[in-house]
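Architecture at a glance
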Amino acid sequence: MESSTPCPMLTRKKVLALALPVVAAQAATATTGLVDTLVMGRFGDKADLAAVDIAAVAFSFIYWAFGFLRMSTTGLTAQAGGRSDEDEKRAILVRALMLGAAIGTVLVLISPLLRLAMGGAFAGTERVEDLAEGYFNARIWGAPAYLMGIAVTGWMLGPGKTGQMLVFQIVLNAINAGLDIWFVAGLKLGPAGIGAGTAIAEWSALALGLWLVRSGLGARKGLFDRARLAAMFSANRDIMIRTLAL
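The structure presented is a predicted model; accordingly, all values stated were derived computationally and were not measured. (Residues numbered from 1 in each chain as written. Predicted model: local features only at pLDDT ≥ 70, side-chain atom pairs only at ≥ 80, totals over all residues. Heavy atoms only, no water.)

Any two side chains of opposite charge can pair, so long as their charged atoms come close to each other. Counting across every chain of the model gives nine salt bridges. For the salt bridge of R90 with D87, the shortest nitrogen-to-oxygen distance reads 2.6 Å. One end of the pair is R90 and the other is D87, both in helix α4 (residues 86-109) and three residues apart, which spans about a single turn. Judged by its relative accessible area of 25%, R90 is partly exposed. Its salt-bridge partner being E88, residue R95 comes within 2.9 Å of it at the nearest N-O pair. (Salt bridge = Lys/Arg side-chain N within 4 Å of Asp/Glu carboxyl O. Helix = DSSP H or I, 4+ residues; strand = E, 2+ residues; numbered from the N terminus. Buried < 20%, exposed > 50% of the residue type's maximum accessible area, 1.4 Å probe, protein only.)

Set out below in structure tokens:
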């Protein structure tokens, strides 16, 4: 007869302690694009602003399609934690990081096609399209870091480490804002500077995130277990279909 560990009582205080940092982190996520627009609107002209808006919308759509990486990582990590399976929790993190890195690398490789699709989807003047291309070409190098970052935050959410998720997002936004101002107001790099600043901020935040979850990076046991890999891909596939349908 198996012994069962009683679940801790869930109180309103505990729910708020988990939820409030998530709400704040989501609000901070929204301010990333706001800062890009604010800096460009303050130090650029209307063509610069239009270019940043077009390219930022394109990236939002691309990245939104891969939101399954955070949701599936959170769910699978919570399940492993409920079973007290620490080996599997660590393996889930490493698998998610590998998947994020792989998808991000593919996005970089097919970026010329994505850039063409962006140009076809938005009607802009030749100057706006050229400026948007500069933003896109700079920011696309942050794709692996961004996708690995959402895997990290998904793993943080699984055991309820919402405070760490908030720290991750605040650091990302702070670096992004600082670089935006420096590259645009100081170095006069325009939309390309905004894109470069965001990409650098994504890699910097990833470095912090990996340090925060360093306890989960030593996975060895069951990392390439066929059944668990199939479960991960199945969850990701279903969530991606749901996301694209929305």
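On we go from here.
It is worth spelling out empty space enclosed by the protein at this point. According to the stated counting rule, one finds one cavity of 30 Å³ or more in the structure shown. Each pocket or cavity is described by its volume, and for the largest cavity that value is around 30 Å³. In this structure, the largest cavity is lined by L69, S72, T73, L76, I92, A96, M232 and N236. Elements that contribute at least two residues to the lining of the largest cavity include exactly α3 (68-82), α4 and α10 (226-245). Considering each element in turn, the lining of the largest cavity owes the most residues, four residues, to α3. Here the lining of the largest cavity is built from residues that sort into five nonpolar, three polar and no charged. (1 Å grid on protein atoms, 1.4 Å probe; cavity = no way out; pocket = protein on both sides within 12 Å on 5 of 7 lines; lining within 4 Å. Points joined across faces, edges and corners; volume = space filled by probe spheres on them. Nonpolar A, V, L, I, M, F, W, Y, C, P; charged D, E, K, R; others polar.)

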